[in-house]
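One-letter residues, chain by chain:
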Amino acid sequence: DQQVKQNSPSLSVQEGRISILNCDYTNSMFDYFLWYKKYPAEGPTFLISISSIKDKNEDGRFTVFLNKSAKHLSLHIVPSQPGDSAVYFCAASETGANSKLTFGKGITLSVRP
Amino acid sequence: EPEVTQTPSHQVTQMGQEVILRCVPISNHLYFYWYRQILGQKVEFLVSFYNNEISEKSEIFDDQFSVERPDGSNFTLKIRSTKLEDSAMYFCASSEAPSYGYTFGSGTRLTVV
């Protein structure tokens, strides 16, 4: 039951270039989407989020795009830096007082110097 | 920056034994969660806790699992009789409100032998 899918397990990008991480979802009740970054031996760290009423949210080098009709979101990192190398998880929730997060499997991003 | 603290960082236990995983959420947060990640798999929701009671739990969170907030600062996950398949990283998280995004702890690696 993969409600949140990150179909590419890994991505390798040259430093300075753009990284595009994709995520698809199937549950049309999801209305809030988040990206988390995770280093080995650490917990996930919140990166950026977007509400379903928006189609874009930007925070510094990170931009998340949401295409509701396609049930697709993407995270753009520009420019990519070696320190961005980590596992990136897409997560989604339904608005509510105790909304749980449903995570994708994650994408391992490697940024080559 | 406030953080969620989890202890121990690594716990090894024999199958059938009880374990208690401990978490200290961020002090002004009201919503608490446990997630787990089996090696190589996605982060999975276990349980959410608000106002001193469980607000939602997954099918993974069966009768062997329980949560407690014993003293207003700690938040514990107890597994009564561990099984080999309980081996995973267990992450505690807390939030002021779910739409603000969670803060995760660094996790407890549970190894059941």
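Below is a summary of the structure that appears in this document.

We now examine the nonpolar core. Counting residues in each nonpolar core, the largest one holds 24 residues, and the members touching the most others are F33, W35, L73, L75 and Y88 of chain A. Taken together, the elements giving at least two residues each to this core come down to β3 (19–25), β4 (32–38), β5 (45–51), β7 (62–67), β8 (72–77), β9 (86–93) and β11 (107–112) of chain A. Looking at this core, the element that brings in the most residues is β9 of chain A, giving 4 residues. In terms of nonpolar packing, the next biggest core, distinct from the first, is built from 22 residues, V19, C23, W34 and L110 of chain B among them.

Below, the discussion takes up the pattern of salt bridges. Under the counting rule described, the total for this entry stands at 5 salt bridges over all chains. E58 of chain A is the partner of K56 of chain A in a salt bridge, and the nearest nitrogen-oxygen pair spans 4.0 Å. When salt bridges with common partners are traced through the structure, they connect R36, E44 and D86 of chain B into a single cluster.

Now for unusual backbone geometry. V78 of chain A connects to P79 of chain A through a cis peptide bond whose omega is -10°. One non-glycine residue, N52 of chain B, lies in the positive phi region at around 65°.

Below, the discussion takes up the packing of aromatic side chains. Following the criterion strictly, the structure yields 20 aromatic pairs over all chains and no others. Taking 5.6 Å as the distance between ring centres and 85° as the angle between the ring planes, the aromatic pair formed by F103 of chain A and Y35 of chain B counts as edge-to-face. One end of the pair, F103 of chain A, is in strand β10 (residues 102–103); the other, Y35 of chain B, is in strand β4 (residues 31–37), on a second chain. Ring centres of F32 of chain B and F75 of chain B lie 5.4 Å apart, and the angle between their planes is 40°; on these two criteria the pair is classed as tilted. With F32 of chain B in strand β4 and F75 of chain B in strand β8 (residues 75–79), the pair connects residues that are 43 residues apart, well separated along the chain.

This next bit is on the sheet that holds strand β1 (residues 5–7) of chain B. Residues and elements named next belong to chain B. Strands sit in the order β1-β3-β8-β7 across an open sheet of 4 strands; the sheet is antiparallel. Looking along the sheet, the strands with just one partner apiece sit at the ends: β1 and β7 (65–68). Across the sheet, the mean angle separating the axes of adjacent strands is 20° when strand polarity is ignored. By the bridge criterion, 4 bridges tie β7 to β8 in an arrangement that is antiparallel. Bridged to S66 within β8 is K78.

Reading the values: the criteria
Residues numbered from 1 in each chain as written. Chains lettered and ligands numbered in written order. Predicted model: local features only at pLDDT ≥ 70, side-chain atom pairs only at ≥ 80, totals over all residues. Heavy atoms only, no water. Core = buried A, V, L, I, M, F, W, Y, C linked by side-chain atoms within 4.5 Å. Buried < 20%, exposed > 50% of the residue type's maximum accessible area, 1.4 Å probe, protein only. Helix = DSSP H or I, 4+ residues; strand = E, 2+ residues; numbered from the N terminus. Salt bridge = Lys/Arg side-chain N within 4 Å of Asp/Glu carboxyl O. Phe/Tyr/Trp six-rings, centres within 6.5 Å; stacked < 30°, edge-to-face > 60°. Pairing = 2+ DSSP bridges. Axes fitted to C-alpha atoms, helices over the stretch in contact; angles between N-to-C directions.

Remember that the coordinates give geometry; whether it matters functionally is a separate question.
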